[in-house]
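An overview of the molecular structure
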Amino acid sequence: METFDFRTKSPAETMFFARSLAEKLQPGMVLTLNGDLGAGKTTFTKGLAEGLGIKRNVNSPTFTIIKEYQGRLPLYHMDVYRLEGSEEDLGYDEYFEGDGVTVIEWAERIADRLPPEHLDLTIRRTGENDRTITLKPVGDRYVSICKEMHHEGFGA
Ligand code: ADP
Ligand code: MG
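This write-up is about the structure you can find in this document. (Residues numbered from 1 in each chain as written. Chains lettered and ligands numbered in written order. Predicted model: local features only at pLDDT ≥ 70, side-chain atom pairs only at ≥ 80, totals over all residues. Heavy atoms only, no water.)

Attention now moves to the coordination of the magnesium ion (ligand 2). Those donors, Thr 42 (OG1) and Glu 105 (OE), are the protein atoms that reach the magnesium ion (ligand 2), and they lie 2.2 to 2.7 Å from it. Note that Thr 42 is positioned in helix 2 (residues 41–51) and Glu 105 in strand 5 (residues 101–105), a separation of 63 residues in sequence. By the burial criterion, Thr 42 is buried, and Glu 105 matches it. (Donors = N, O, S within 2.8 Å, 3.2 Å for Na, K, Ca; no water. Helix = DSSP H or I, 4+ residues; strand = E, 2+ residues; numbered from the N terminus. Buried < 20%, exposed > 50% of the residue type's maximum accessible area, 1.4 Å probe, protein only.)

Written out as structure tokens, the structure reads:
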């Protein structure tokens, strides 16, 4: 499966990347975010929220698991870190099939419950302020978005 690598050199660059990505998202799209603690998943999500026209500050929803924000499209921000091995059904499908964009931090922990088509994103720390963001699109709509990001010069 084709993957796309992008590099950023600061939190601001990661947010800029996320804002640009957000502008290409459509209702019902799902992004899965993976990466170690401190990789930049929440930083990325803050940029994504800005790009969706959300004015409220986005924080990691560790204790609530799901937080909703209103913007051009609603954002459903999930952090499923605490759900490892849990069978708990949070009604994910209603979010995945809703009008908003779902972003799931630590998505690998609910891998078997993800929708078949989604954009998988992994952030790796490659230096103090350097990050490599790898996008793995699953589904045609997501492949198009990755190609657009690439053509816009990100990751060059
Ligand atoms: P996570 O949600 O993956 O645990 P956070 O976004 O909360 O990660 O934290 C990432 C940390 O790394 C922040 O302190 C941020 O300022 C810092 N950082 C440094 N360089 C970058 C970069 N290029 N992209 C994103 N975050 C960066
Ligand atoms: Mg986080």
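On to the site of ligand 1. For ligand 1, the set of nearby residues contains 16 residues, the closest of which are Thr 14, Gly 38, Lys 41, Thr 42 and Thr 43. Gly 40 is positioned such that a nitrogen or oxygen atom in its backbone is 3.0 Å from an oxygen atom of ligand 1. For ligand 1, whose accessible area on its own is 580 Å², the fraction buried by protein is 75%. Looking at the shell around ligand 1, the elements that each hand over two or more residues are helix 1 (11–22) and helix 2. Residue composition of the shell around ligand 1, by class: three nonpolar, eight polar and five charged. (Near = heavy atom within 4 Å. Polar contact = N/O pair within 3.5 Å; in protein donor to acceptor, adjacent residues only side chain to side chain. Areas by Shrake-Rupley, 256 points an atom, 1.4 Å probe, with all protein chains shown as cover. Nonpolar A, V, L, I, M, F, W, Y, C, P; charged D, E, K, R; others polar.)

Another point: the sheet that holds strand 7 (residues 131–138). Taking strand neighbours across the sheet as the criterion, the seven strands line up as 1-7-6-2-5-4-3 in an open arrangement whose pairing is mixed. Looking along the sheet, the strands with just one partner apiece sit at the ends: strand 1 (4–8) and strand 3 (66–69). Direction aside, the axes of adjacent strands within the sheet are offset by 20 degrees on average. Sitting on the sheet, helix 2 touches strand 2 (30–34), strand 4 (75–79), strand 5 and strand 6 (118–125), and the angle it makes with strand 2 is about 155 degrees. With respect to the sheet, helix 4 (residues 140–151) is in contact with strand 1, strand 2, strand 6 and strand 7, its orientation differing from that of strand 1 by roughly 45 degrees. (Pairing = 2+ DSSP bridges. Axes fitted to C-alpha atoms, helices over the stretch in contact; angles between N-to-C directions. Contact = heavy atoms within 4.5 Å.)

We now examine the environment of Pro 137. Here Pro 137 is to be found in strand 7. Its relative accessible area of 4% is what places Pro 137 among the buried residues. Dropping the residues within four chain positions of it, Pro 137 is found in contact with Met 1, Glu 2, Phe 4, His 118, Leu 119, Tyr 142, Val 143 and Cys 146.

Interpretation note: all reported values are geometric properties and have no functional meaning in isolation.
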